[in-house]
Number of protein chains: 2
Amino acid sequence: MPRKVRTREGGRREAIASAAARLFREKGFSGTGMRDLAGSVGIEAASLYNHIDSKAALLRDICFRIADACNAHLRELEAAPGLDSLGQLEAIVRFHVRLWIERLDEVLVATNEFRSLEEPWLEHFLQERRMYMRRIEAILSQGIQEGSIRPLEPYGVVLTLMSAVRGIEFWHRSRKHVSAASLESTMVELIVDGIRNSQG
Amino acid sequence: MPRKVRTREGGRREAIASAAARLFREKGFSGTGMRDLAGSVGIEAASLYNHIDSKAALLRDICFRIADACNAHLRELEAAPGLDSLGQLEAIVRFHVRLWIERLDEVLVATNEFRSLEEPWLEHFLQERRMYMRRIEAILSQGIQEGSIRPLEPYGVVLTLMSAVRGIEFWHRSRKHVSAASLESTMVELIVDGIRNSQG
């Protein structure tokens, strides 16, 4: 019996979290009111606080869920035996493409609305992002040293990798006759071939 | 005498336009008040209307100035003799990199705030963007046919090209020890090598 209650409460929270991601994305964090949020999940604004702490806590959840997913994926990769630097980078690009295809609301909020995080979370989030980028730069530098990756300036490459997938937002809005699988393979091939050392 | 007046008025308008781009970028179009704008150029809110029509007109100017710059550049390229498809695409990527390096406020407003345009301008802006992307797709298809470009799905490639430069926003905020020239060459090389047909 307690388990059933917990599960139902979990479902309600999950519904509130996805509604928040959708609203923060569409109207911005500061443009979204608790009333909008309550309306979109079909409960009274006053009873929203039975399920969540605050609007700020919802934003935190979204931003750090995305950051955690990126970190967990990178940690797995770094521990994967037998994957060279180029293979690791391919996996990173593929992971980001899928994130933008499958979790667009959350990833857009983490990308565009993170500046509304309160301290100390804002500083923490920025720190996580810097460290994530530096770890990818380290993989690039390793690959350049080994000869599998062209000698490009790593910071510029990481910026390009992280941003290249943002066009997926337009794909969601418009031409779905290009399949997700096709989009994924086009982006991965273009980027991976751009960094591969063909003289290597 | 009339010329001098015109020039001074032109300077004032230019100052208002750049303050608007900066504010719309930082606070969003809907988050920016006429009072903020007047304050940032040091005039009374009431006298702002001696220089401009409305906040909506300022947004229109920014969005269509960017759209016009892109269209003018593409038209020049299409008319340039002796440039093959890969050369044209390289010029397009380089143009976008410079736009994001040199005109960040305007380009971010045109990218993130265009949805606040009123009709019929919103529809017009979307139409311009679609046509711009299709003309680039046509250059890609031509290059694929000629063998200079790898047979990738053109829509996905255009999305990737247009988005890849967006990371330049982070460069502006942080590590300026990577020079603009280095950033430009890294991005152009990575992307152009990603679409070049090395079997060609």
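Values in this document were obtained by computation on a predicted structure and should not be read as measured data.

Engineer: Would you mind showing me how to read the overall build of chain A here?
Structural biologist: Each helix and strand in chain A was counted, giving nine helices and zero strands. When the helices and strands of chain A are placed in sequence order, the string is α-α-α-α-α-α-α-α-α. For the C-alpha atoms alone, the extent of chain A along its principal axes is close to 65 × 40 × 35 Å. Buried residues in chain A amount to 50% of all 200 residues. Counting contacts in chain A only where the partners sit at least 6 residues apart, residues at least 24 apart contribute 69% of the total. When the accessible area of chain A is evaluated, it comes to approximately 9,800 Å², of which 50% is carbon and sulfur surface. Separation of charge centres in chain A, based on 28 positive and 27 negative side chains, amounts to 5 Å.

Engineer: Would you mind going over the packing of aromatic side chains with me for this structure?
Structural biologist: To describe a pair of aromatic rings, one takes the distance between the centres and the angle between the planes. Counted by the stated rule, this structure contains six aromatic pairs over all chains. Between the aromatic rings of phenylalanine 64 of chain B and phenylalanine 125 of chain B, the centroid separation amounts to 5.7 Å while the plane-to-plane angle is 90 degrees, which identifies the pairing as edge-to-face. You can see phenylalanine 64 of chain B sitting in helix 3 (residues 55–79) and its partner phenylalanine 125 of chain B sitting in helix 6 (residues 121–146), a full 61 residues away along the chain. Take phenylalanine 64 of chain B: its relative accessible area is 12%, and that puts it in the buried class. Following the ring pairs from residue to residue traces out a cluster consisting of Phe64, Phe114 and Phe125 of chain A. Lying over the aromatic face of phenylalanine 29 of chain B, lysine 55 of chain B brings its terminal NZ or CZ to 4.3 Å of the ring centre.

Engineer: Is there a simple way to explain the relation of the copies chain B and chain A in this structure?
Structural biologist: Mapping between the two copies of the chain is achieved by a rotation about an axis and a shift along the axis. Superposing chain B onto chain A requires a rotation of 180 degrees together with a translation of 0.0 Å along the rotation axis, leaving an RMSD of 0.0 Å. Such a combination of turn and shift is consistent with a two-fold rotation axis. Mapped onto chain A, 100% of the interface residues of chain B are again interface residues, and the two copies thus contact each other with one and the same surface.

Engineer: What am I meant to see in the pattern of salt bridges here?
Structural biologist: Any two side chains of opposite charge can pair, so long as their charged atoms come close to each other. Scanning the model with the defined rule gives 27 salt bridges over all chains in all. Two residues, arginine 150 of chain B and aspartate 193 of chain A, come together in a salt bridge whose shortest N-O distance is 3.7 Å. Of the two residues, arginine 150 of chain B sits in the loop between helix 6 and helix 7 (154–164) while aspartate 193 of chain A sits in helix 9 (residues 180–195), which places them in two different chains. Note on aspartate 193 of chain A: relative accessible area 23%, which makes it partly exposed. Here glutamate 184 of chain B ties to arginine 94 of chain B by a salt bridge, and the two come within 2.7 Å at their closest N and O atoms. With glutamate 184 of chain B in helix 9 (residues 180–195) and arginine 94 of chain B in helix 4 (residues 85–102), this residue pair connects regions lying 90 residues apart in the sequence. Taking relative accessible area as the criterion, glutamate 184 of chain B reaches 10% and is therefore assigned buried. For arginine 94 of chain B, a relative accessible area of 26% gives the class partly exposed. One salt-bridge network, held together by shared partners, links Glu90, Arg94, Arg98 and Glu184 of chain A.

Engineer: Sorry, what's going on with the domain arrangement of chain A here?
Structural biologist: By a widely used convention, the size of an interface equals the accessible area lost when the partners come together. All names here are of chain A. Assigned domains within chain A: domain 1 (1–52) and domain 2 (55–195). Taking only C-alpha atoms, the centre of domain 1 and the centre of domain 2 are 28 Å apart. Between domain 1 and domain 2, a total of about 1,200 Å² is buried, with carbon and sulfur atoms accounting for 69% of that surface. Considering only the side of domain 1, the residues that lose the most area to domain 2 are Phe24, Arg25 and Phe29, jointly responsible for 55% of the buried surface there. For the pair domain 1 and domain 2, the interface holds one salt bridge. For the salt bridge of aspartate 105 with arginine 25, the shortest nitrogen-to-oxygen distance reads 2.9 Å. Connecting domain 1 to domain 2 are four residue pairs in polar contact (both at pLDDT 80 or more). At the level of elements, helix 1 (2–27) and helix 2 (34–41) are the ones that each hand at least two residues to the side of domain 1 that touches domain 2.

What counts and what doesn't
- Residues numbered from 1 in each chain as written.
- Chains lettered and ligands numbered in written order.
- Predicted model: local features only at pLDDT ≥ 70, side-chain atom pairs only at ≥ 80, totals over all residues.
- Heavy atoms only, no water.
- Helix = DSSP H or I, 4+ residues; strand = E, 2+ residues; numbered from the N terminus.
- Buried < 20%, exposed > 50% of the residue type's maximum accessible area, 1.4 Å probe, protein only.
- Contact = heavy atoms within 4.5 Å.
- Areas by Shrake-Rupley, 256 points an atom, 1.4 Å probe, with all protein chains shown as cover.
- Lys, Arg positive; Asp, Glu negative; His and termini not counted.
- Charge placed at Lys NZ, Arg CZ, Asp CG, Glu CD.
- Phe/Tyr/Trp six-rings, centres within 6.5 Å; stacked < 30°, edge-to-face > 60°.
- Lys NZ or Arg CZ within 6 Å of the ring centre and 35° of its normal.
- Least-squares fit on C-alpha atoms with pLDDT ≥ 70 in both.
- Salt bridge = Lys/Arg side-chain N within 4 Å of Asp/Glu carboxyl O.
- Domains from an automatic or database assignment.
- Buried area = accessible area lost by both parts, 1.4 Å probe.
- Polar contact = N/O pair within 3.5 Å; in protein donor to acceptor, adjacent residues only side chain to side chain.

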